[in-house]
Amino acid sequence: MPVGILALQGDFREHAQLLNGMGVETRLVRKPGELDSIDGLVIPGGESTTIGKLADRYGLLEPLRRVVRSGVPTLGTCAGLIFLAAGTTGPAQIHLGVLDVVVERNAFGRQVDSFEAELDVTGLVDPLHAVFIRAPVIDKAGADVEILATVENDPVMVRQGNIIATSFHPELTGETRVHTLMLNQEG
Amino acid sequence: MDKGTDRVKRGLAEMLKGGVIMDVVNADHARIAEEAGAVAVMALERVPADIRADGGVARMSDPTMIEEIQAAVSIPVMAKARIGHFVEAQVLQSLGVDYVDESEVLTPADEEHHIDKWAFAVPFVCGARNLGEALRRIGEGAAMIRTKGEAGTGDVVEAVRHFRTINGEMQRLTTMKHEELMSTARDLGAPFDLVEEIAETGKLPVVNFAAGGIATPADAALMMQLGVDGVFVGSGIFKSGDPASRAKAIVEATTYYEDPSIIAKVSRNLGEPMVGIGVTELEEGERLAGRGW
């Protein structure tokens, strides 16, 4: 069965290309029925407010929550992390609330402060080259949330059960190890 | 930690794909745009239709207005600098805008030289009518391209023409033998390394949005089906009868661009569209797309 990639807005094609390159079949998801029979779920980078509003208007919020809670391996990158989270430190926006973290949006500043860095990740042997774009960090994490990587002590990659979420964009660098981690976990 | 790299500049545009960037002239407009689902707003003092009507010299916006818009929304805020006016760009960078649009909608400050965009940490988006123009801007450091279209008209014909031109020229490059590329680079007036790259990949190395004349949900979906990465809507929203509904409809048509039933649904009861000006009615000197080279 394919991995579903939420394709309301953002860099969903980069996720699809990366997964296809790994030999993984993918399906772009814009409607609830397209979530049936998927082996994994990716929520891409993009604008989290836009993705949240479209998911709400097109009846995707509950079906997405059901898929994630059923244990389907799930990856959220940047906006995907924000959308999966329980809330943000800033103004209210629409979340799935399936990942027990509160995120701080644009935590490193505006676009001129976006950066690339080498990142040590728990469970990966070699460091990972990570691209942070107007990136969020995790401000608070629940007891079930495992922190896999940090920048200046702020968590930027976490795991909770079947969910992995990152502040950065593995899909922009051809980095396959994060997607492999996601696909190999059990719910 | 490396800031201001090519990858982070081009990367922000990647995150805007499949989205709508809306022109706004104050914080209230910006909130309406964000609420509708815009991926970013473009802060400017007058929308292109008004610049066209008012005449005179159009310049960078007042920093206070830009800061009010930055404070009002969480999505990226872009702002326009005049072609070649690198000090306006420096000011915009110091304000922390997320993207600078070196724009033909404003009155050019330099008819010979565009801004050296490599010198900035803030990324730039630039307009183009054809592949040579797009590659010259990328050669100068632009991290995102948009069609110029013909701003402030509500007539989509030029955006279509510019996108088809760029795409057709790229397709032609992919069929050429390597020895043909240098004379083509000469004819296009484009950097050779970029011509070589496109002959190889068949696509621009940066994100390419449509701009200039998009006024309806169907216009946005048309450009998306043609293959653009996203759309800018300038005068089309806030010069229409019901901006909030139209903005929301254009966002939804941009996501569901392949689904005519959704485009039909969101196109209902949007009130009056902006009053259009047919591009063919414009005198040569009234066309903004001819600014820059």
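The structure we're discussing is the one just above.
What this report covers is the structure whose coordinates are included nearby. (Residues numbered from 1 in each chain as written. Chains lettered and ligands numbered in written order. Predicted model: local features only at pLDDT ≥ 70, side-chain atom pairs only at ≥ 80, totals over all residues. Heavy atoms only, no water.)

A short note on the overall build of chain B
Right, so step 1: Tallying secondary structure elements over chain B gives 13 helices and nine strands in all.
Right, so step 2: Taking 293 residues into account, the globule formula puts the C-alpha radius of gyration at 19 Å, and chain B, at 18 Å, falls close to it.
Right, so step 3: Viewed in the frame of its principal axes, chain B has a C-alpha envelope of about 55 × 45 × 45 Å.
Right, so step 4: Scored against the burial criterion, the 293 residues of chain B give a buried share of 60%.
Right, so step 5: If you take every contact in chain B between residues at least 6 apart in sequence, the share linking residues at least 24 apart comes to 67%.
Right, so step 6: In the form shown here, chain B has an accessible surface area of approximately 11,200 Å², with 48% of it arising from carbon and sulfur atoms.
Right, so step 7: Put simply, chain B has 30 plus and 46 minus side-chain charges, and the middle of one group is 2 Å from the middle of the other. (Helix = DSSP H or I, 4+ residues; strand = E, 2+ residues; numbered from the N terminus. Rg over C-alpha atoms; globule rule 2.2 N^0.38 Å. Buried < 20%, exposed > 50% of the residue type's maximum accessible area, 1.4 Å probe, protein only. Contact = heavy atoms within 4.5 Å. Areas by Shrake-Rupley, 256 points an atom, 1.4 Å probe, with all protein chains shown as cover. Lys, Arg positive; Asp, Glu negative; His and termini not counted. Charge placed at Lys NZ, Arg CZ, Asp CG, Glu CD.)

Some thoughts on the environment of A:L148
Residues and elements named next belong to chain A.
Right, so step 1: Mapped onto the fold, L148 is located in strand β10 (residues 146–151).
Right, so step 2: Distance from L148 to I94, taken between C-alpha atoms, is 25 Å for residues 54 residues apart in sequence.
Right, so step 3: Leaving out residues up to four positions away in the same chain, L148 has contacts with D120, V121, T122, M157, V158 and R159.

Concerning the interface of chain B and chain A
Right, so step 1: On the chain A side, the residues contacting the 44 residues of chain B number 40 residues.
Right, so step 2: Note on chain B versus chain A: buried area summed over both sides is about 3,300 Å², and carbon and sulfur give 53% of it.
Right, so step 3: For the pair chain B and chain A, the interface holds nine salt bridges.
Right, so step 4: With a closest N to O distance of 3.4 Å, A:D113 and B:K3 form a salt bridge.
Right, so step 5: Our enumeration of links across chain B and chain A arrives at 28 residue pairs in polar contact (both at pLDDT 80 or more).
Right, so step 6: Mapped onto the side of chain B that touches chain A, the elements with two or more residues apiece are β1 (2–3), α1 (6–16), α2 (27–36), α12 (243–255) and α13 (260–266) of chain B.
Right, so step 7: The element best represented in the side of chain B that touches chain A is α1(B), accounting for eight residues.
Right, so step 8: For the side of chain B that touches chain A, the per-class residue count stands at 19 nonpolar, 11 polar and 14 charged.
Right, so step 9: Bridge analysis of strand β7 (residues 115–119) of chain A against β1(B) gives two bridges, and the strand direction is antiparallel. In the strand pairing of β1(B), A:F115 is matched with B:K3. (Buried area = accessible area lost by both parts, 1.4 Å probe. Salt bridge = Lys/Arg side-chain N within 4 Å of Asp/Glu carboxyl O. Polar contact = N/O pair within 3.5 Å; in protein donor to acceptor, adjacent residues only side chain to side chain. Nonpolar A, V, L, I, M, F, W, Y, C, P; charged D, E, K, R; others polar. Pairing = 2+ DSSP bridges.)

Some remarks on the environment of B:A253
All names here are of chain B.
Right, so step 1: Mapped onto the elements of the fold, A253 is located in helix α12.
Right, so step 2: C-alpha separation for the pair A253 and P191, spaced 62 residues apart in sequence, amounts to 36 Å.
Right, so step 3: Sequence-distant contacts of A253, defined by excluding residues within four places in its chain, comprise P217, A221, I263 and V266.

Things to note about helix α3 (residues 61–69) of chain A
Residue and element names in this part refer to chain A.
Right, so step 1: Within the span of α3, buried status applies to L61, P63, L64, R65, V67 and V68.
Right, so step 2: Of the surrounding elements, those touching the buried residues of α3 are β1 (3–6), β3 (40–43), α2 (48–57), β4 (74–77), α4 (79–84) and β12 (163–166).
Right, so step 3: Two residues or fewer past α3, G71 is found with a positive phi of approximately 100 degrees.

What about a negative patch on the surface?
Residues and elements named next belong to chain B.
Right, so step 1: Negative charge collects at one region of the surface, where E45, D62, E67 and E68 lie side by side.
Right, so step 2: Mapped onto the fold, E68 is located in helix α4 (residues 63–72).
Right, so step 3: By relative accessible area, which is 46% here, E68 ends up partly exposed. (Patch = residues over 30% accessible without salt bridge, like charges linked within 9 Å, V, L, I, M, F, W, Y side chains within 5 Å.)

Section: unusual backbone geometry
Residue and element names in this part refer to chain A.
Right, so step 1: In this structure, C78 takes a positive phi of about 60 degrees despite not being glycine.
Right, so step 2: When you line up the elements, C78 lands in the loop between β4 and α4.
Right, so step 3: Taking relative accessible area as the criterion, C78 reaches 5% and is therefore assigned buried.

Side note on the pairing of strand β2 (residues 20–24) of chain B
Two faces belong to every sheet, and in a regular strand the side chains alternate between them.
Residue and element names in this part refer to chain B.
Right, so step 1: Burial of β2 is extensive: five of the five residues sit out of reach of the surface.
Right, so step 2: In β2, alternate side chains face the same way, and those of V20, M22 and V24 on one face and I21 and D23 on the other are all buried.
Right, so step 3: The sheet contact formed by β2 and strand β9 (residues 231–233) spans three bridges and is parallel. Looking across to β9, one finds that M22 is bridged to V233.
Right, so step 4: What joins β2 to strand β3 (residues 40–43) is α2, and the crossover it makes is right-handed. (Right-handed = clockwise from strand over helix to strand, strands pointing away.)

Quick look at the pairing of strand β6 (residues 124–128) of chain B
Residue and element names in this part refer to chain B.
Right, so step 1: Counted residue by residue, β6 has five buried out of five residues, so it is predominantly covered.
Right, so step 2: Neither face of β6 is exposed, since F124, C126 and A128 on one face and V125 and G127 on the opposite face are all buried.
Right, so step 3: Across three bridges, strand β5 (residues 99–103) lies against β6 in parallel orientation. Along β6, the bridge assignment pairs V100 with F124.
Right, so step 4: Alignment of β6 against strand β7 (residues 144–147), held across four bridges, turns out to be parallel. Bridging from a neighbouring strand, G127 pairs with R146 of β7.
Right, so step 5: Each parallel crossover has a hand, and the one from β6 via helix α6 (residues 131–139) to β7 is right-handed.

Focus: the pattern of salt bridges
Oppositely charged side chains are able to pair whenever their charged atoms sit close together.
Residue and element names in this part refer to chain B.
Right, so step 1: Per the stated rule, a full pass over the model turns up 32 salt bridges over all chains.
Right, so step 2: K17 is paired through a salt bridge with E14; the nearest N and O atoms lie 2.7 Å apart. The pair formed by K17 and E14 is uniform in burial state, with each residue classed as buried.
Right, so step 3: Note that E133 and K148 form a salt bridge whose closest N and O atoms lie 2.5 Å from each other. Of this pair, E133 sits in helix α6 while K148 sits in the loop between β7 and α7 (157–174), placing them 15 residues apart in sequence.
Right, so step 4: With relative accessibility at 1%, the residue E133 sits in the buried group.
Right, so step 5: Each of K80, D101, E104 and R146 takes part in a single network of salt bridges with overlapping partners.

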